[in-house]
Amino acid sequence: MLSQKVRNIAPSATLAIDAKAKQLKKEGKDMVIFGAGEPDFNTPNNIKEAAIRAINNNITRYTPVGGIPELKKAVADKFRRFNKIQYDVSEVTVGCGGKHILYNAMMAVLGECNEAILPVPYWVSFDEMIRLTGAKTVFCDTDKRFMLTAKTVEEKITEKTKLLVLNSPSNPSGAVVEPEEIRKIAELAARHNFYVISDEVYEHFVYGNNEFISIASLNEDIKNLTITVNAVSKTYAMTGWRIGYCGAGKEVIKGMENLQSHSTSNPSSIAQMAALEALNGPQDSVAKMVEAFDERRKLMHKRLNEIKGMSCVEPQGAFYAFADISQTGMKSMEFCSGLLDDALVAVVPGIAFGSDSHIRLSYATSTKEIEKGMDRIEKWVGKSLK
Ligand SMILES: Cc1ncc(COP(=O)(O)O)c(C=O)c1O
């Protein structure tokens, strides 16, 4: 009896693995969870206190659909300060998490007969969202280091291309697209007149000499074609608060807000006050978290490459390692369910991200847990290879 659209949706594999692992943990099993796409840090106190104040001050009613004016201003200021993009407050909107913003954005610009280019490997929800709009996903390869180039994007452009999804730093690969390629991609978008959704939720999680740039900061032409998506979720360890935001042309913003007005209405008034503090308040918690993640990244990368049958490209951003398991002879689902059942380690099958020869491990967990989990994986893969 379900609609065709809903029947076509695959449930999120990341959430499913995470739920199973958490359930096993609740049952008393000594789990190591590398599945979660969220920082293990707590939301900083100044942000929590802003939310408590909001409740005590009765900021508990409906707000404008796309967020309170103070938050919109804070978002526009942040885009100017950090991303070097000049958005007017009428060119920003706030929704219930980055995912919600992405969904609204796709619904606002895509429809039947359109094609959307999606680099592989991709975050699970992109493909499902594109298909929900009725558009067709056109997959685009990246190289061995998961780097996206303008050349491979260009090969996928047709007269039906309406959108390119850019996610740098990337979930799941951790790749950071090189600024030169971003410039060339911007030229392509302007020449062929398609939108770019630039998902920048991992913008702060960039390591080593890598440079993050926002495509919309390059010039007015690409700014007008870009929907710059972000959220407070990862940057401020606020995944449960559900606040995402974006910058785009007025027409797109209006479309997204119209859609939101008939679905969720405004995001939580309390979470908006927390997000306001996150964007305007002290930023030192972000640097501390990124520093910790960098250390964990190096550890996980080293340990993965020491395991016979596994290899991993060094992640340059975000907080995931995307490890190659092809030498184990197993497909990703078989690997992940075996590892979960036998070794009590949760990782996510690469098939969910468009590659059945990889698994994704989140290193947003303590070094102690990483060592423990990697010991188990090493032992389990060793046994499985025999
Ligand atoms: C690439 C990417 N975009 C968007 C999101 C959604 O973030 P949020 O929790 O704000 O909905 C995620 C979450 O995992 C993500 O990995």
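About the thresholds
Residues numbered from 1 in each chain as written. Predicted model: local features only at pLDDT ≥ 70, side-chain atom pairs only at ≥ 80, totals over all residues. Helix = DSSP H or I, 4+ residues; strand = E, 2+ residues; numbered from the N terminus. Buried ≥ 20, exposed ≤ 12 C-beta atoms within 10 Å, placed from the backbone. Pairing = 2+ DSSP bridges. Near = placed C-beta within 6 Å. Nonpolar A, V, L, I, M, F, W, Y, C, P; charged D, E, K, R; others polar. Contact = placed C-beta atoms within 7 Å. Axes fitted to C-alpha atoms, helices over the stretch in contact; angles between N-to-C directions. Parallel < 35°, antiparallel > 145°, perpendicular 65-115°, else oblique. Left-handed = near helix turned anticlockwise from the far one by under 90°. Expected span 1.5 Å × (residues − 1). Arc of directions from axis to C-beta. Domains from an automatic or database assignment.

**Notes on unusual backbone geometry**
A cis amide bond links Val 120 to the next residue, Pro 121, at an omega of 0 degrees. Relative to the elements of secondary structure, Pro 121 occurs in the loop between strand S3 (115-119) and helix H6 (124-132). Here Ser 168 and Pro 169 are connected by a cis peptide whose omega angle stands at -5 degrees. As for its placement among the helices and strands, Pro 169 is situated in the loop between strand S5 (161-167) and helix H8 (179-192). Despite not being glycine, Asn 193 has its phi angle at roughly 55 degrees, a positive value. Positioned with a positive phi, Ala 318 is a non-glycine residue whose angle comes to about 60 degrees. With respect to the secondary-structure elements, Ala 318 resides in the loop between strand S9 (311-312) and strand S10 (320-324).

**Re the pairing of strand S2 (residues 92-95)**
Residue alternation in S2 divides its side chains into two sets, Val 92 and Val 94 and Thr 93 and Gly 95, and both sets are buried. Looking at chain direction, S2 and strand S8 (residues 244-247) are connected through four bridges and run antiparallel. Its bridge partner lying in S8, Val 92 is registered against Gly 247.

**Regarding the site of the ligand**
Near the ligand there are 13 residues, and of these Gly 97, Gly 98, Lys 99, Ala 231 and Ser 233 occur at the shortest range. Counted by class, the shell around the ligand contains three nonpolar, eight polar and two charged residues.

**Focus: the environment of Ile 307**
Here Ile 307 lies in the loop between helix H12 (284-305) and S9. As for Ile 307 and Gly 382, which are separated by 75 residues in sequence, their C-alpha atoms are 8.0 Å apart. Setting aside anything within four residues of it in sequence, one finds Ile 307 in contact with Ile 377, Glu 378 and Val 381.

**Re the sheet that holds S9**
If you walk across this open sheet you meet the four strands as S9-S10-S13-S12, and the pairing is antiparallel. Each edge of the sheet is formed by a strand with only one pairing partner; in this case those strands are S9 and strand S12 (348-349). Bridge count for S12 against strand S13 (residues 358-362) is two bridges, and the pairing is antiparallel. What sits directly across from Pro 349, in S13, is Ile 359.

**Comments concerning the sheet that holds strand S7 (residues 226-231)**
Strand order in the open sheet formed by seven strands is S2-S8-S7-S6-S5-S3-S4, and the pairing between neighbours is mixed. In this open sheet, the two strands that pair with only one neighbour each are S2 and strand S4 (136-140). Taken pair by pair, the neighbouring strands of this sheet meet at an average axis angle of 20 degrees, ignoring direction. Set on the sheet, helix H10 (residues 250-261) makes contact with S2 and S7; between it and S2 the angle comes to about 25 degrees.

**Structural notes on the packing of helix H5 (residues 98-109) against H6**
Running from N to C, H5 and H6 point in directions that differ by 30 degrees, and their axes come no closer than 9 Å. Considered as vectors, H5 and H6 are oriented roughly parallel to each other. For the crossing formed where H5 meets H6, the hand is right-handed. Every residue of H6 that contacts H5 at Lys 99, Leu 102, Tyr 103 and Met 106 is listed here: Ser 125, Met 129 and Ile 130. Of the residues in the contact of H5 with H6, the class split is five nonpolar, one polar and one charged.

**Details of helix H14 (residues 367-385)**
In a regular helix each residue adds 1.5 Å, so 19 residues correspond to 27 Å; H14 covers 26 Å between its end C-alpha atoms and thus fits that length. Turning to H14, its buried residues are Ile 370, Gly 373, Met 374, Ile 377 and Val 381. End-on view of H14: buried residues confined to an arc of 100 degrees, all on one side of the axis. Residues Lys 368, Gly 382 and Lys 383 are exposed on H14 and point more than 90 degrees away from its buried face. Of the surrounding secondary structure, the elements contacted by the buried residues of H14 are strand S1 (32-33), H12, helix H13 (332-343) and strand S11 (345-346).

**Considerations on the domain arrangement of the protein chain**
Partitioning the protein chain into structural domains gives domain 1 (4-43 + 284-385) and domain 2 (45-280). One C-alpha centre belongs to domain 1, the other to domain 2, and the line joining them spans 25 Å. Counting residues at the interface gives 35 residues for domain 1, matched by 35 residues for domain 2. Counting only elements with at least two residues in the side of domain 1 that touches domain 2, the list comes to helix H2 (13-26), H12, S10 and S13. Sorting elements by how many residues they give to the side of domain 1 that touches domain 2 places H12 first, with six residues. Considered class by class, the residues forming the side of domain 1 that touches domain 2 number 18 nonpolar, 12 polar and five charged.

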